[in-house]
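Residue-level structural notes
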Amino acid sequence: MSKNGPEFRSTTVLAVRRGEDTVIVGDGQVTMDTAIVKSSAKKVRRLMDGKIVVGFAGSAADGLALFEKLEGKLREFSGNLTRSAVELAKDWRTDKVLRRLEALLLVADKEKMFLISGTGDVLDPEEGVAAIGSGGSFALSAARALLRHTEMDAESVARESMKVASEICVYTNNELTFEKISAKTT
């Protein structure tokens, strides 16, 4: 139990870039204490007419509020993902209401990928892969190994990595939501 009630644990979100393709995938499990309360939550969405993909780990209400804030920044800065991510992180860290939000974001367009946190972090991940959430370290490890030692495409790497995470992390399931962006398309 947290001080505010039952502790929710949920989510593994993974972003993988290989070649021209970027995939963000999230599992569907939401767990309250020791019970699975939902198995098909959608934690990955498209923004800006499908040009941006974002996934969240943490509180659903907080994640959705951050989606809205990010989309506002993207509109303000004409779809510039880097500038929007930095401005969101600055606001998130300094605003009295926003800094209470408990979530992390993974966001990508056809060229860039960032992990954004409420502590002001805007991280451009190494090796074209990043993960957040309860099973994030498991998915990240699997994805790095697959990227280094196979020729699998981004979606296959993401699918297999999430499968590994779901086999290890009790807070991760295999009900997956995929969103893909390709540099080949405009």
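Refer to the structure printed above.
Residue numbers run consecutively from 1 along every chain, following the written order of its sequence. Per-residue local features are limited, in this predicted model, to residues with pLDDT of at least 70; the limit for side-chain atom pairs, both in listing and counting, is 80 or more; totals at the level of whole chains, interfaces and linings are taken over all residues. To get the side-chain values, take all heavy atoms of the structure and skip hydrogens and water.

Comments concerning the packing of helix H3 (residues 136-149) against helix H4 (residues 154-168)
- An axis is simply a line fitted to the C-alpha atoms; with a helix, the fit covers only the stretch in contact. Between two such axes, the angle follows the N-to-C directions and lies from 0 to 180 degrees. Segments assigned H or I by DSSP are reported as helices when at least four residues long, segments assigned E as strands when at least two residues long, and all are numbered from the N terminus. Where H3 contacts H4, the two axes come as close as 8 Å, and the packing angle between them is 140 degrees. By the criterion of interaxial angle, the relationship of H3 to H4 is oblique. Every pair of crossing elements has a handedness; the one defined by H3 and H4 is right-handed. Here Phe138, Ala139, Ala142, Ala143, Leu146 and Leu147 of H3 come into contact with H4, specifically with Val157, Glu160, Ser161, Met162, Val164, Ala165 and Ile168.
- Here the residues of the contact of H3 with H4 sort into 11 nonpolar, 1 polar and 1 charged. An angle counts as roughly parallel when it lies under 35 degrees, as roughly antiparallel when it exceeds 145, as roughly perpendicular when it falls between 65 and 115, and as oblique in every other case. Whether a crossing is left-handed or right-handed is set by the direction in which the near helix is turned from the far one by less than a right angle, anticlockwise for left-handed and clockwise for right-handed. Should any heavy atoms of two residues lie within 4.5 Å, those residues are considered in contact. Asp, Glu, Lys and Arg are counted as charged, while Ala, Val, Leu, Ile, Met, Phe, Trp, Tyr, Cys and Pro are counted as nonpolar; the rest, among them Gly, fall into the polar class.

Observations concerning a nonpolar patch on the surface
- The residues that make up patches have over 30% relative accessible area and no salt bridge, and they are joined within 9 Å when like-charged or within 5 Å when they are Val, Leu, Ile, Met, Phe, Trp or Tyr. Every accessible area reported is derived by Shrake-Rupley at a probe size of 1.4 Å, with residue values counting cover from the shown protein chains alone. Salt bridges, as used here, are contacts in which a Lys or Arg side-chain nitrogen is within 4 Å of a carboxyl oxygen on Asp or Glu. Where nonpolar side chains cluster on the molecular surface, the patch consists of Phe138, Val164 and Ile168 and spans about 220 Å² of accessible area.
- Along the polypeptide, phenylalanine 138 turns up in helix H3.
- When accessible area is computed with a 1.4 Å probe and restricted to protein chains, residues below 20% of their type maximum are described as buried, those above 50% as exposed, and intermediate ones as partly exposed. Assessed through its relative accessible area of 30%, phenylalanine 138 is described here as partly exposed.

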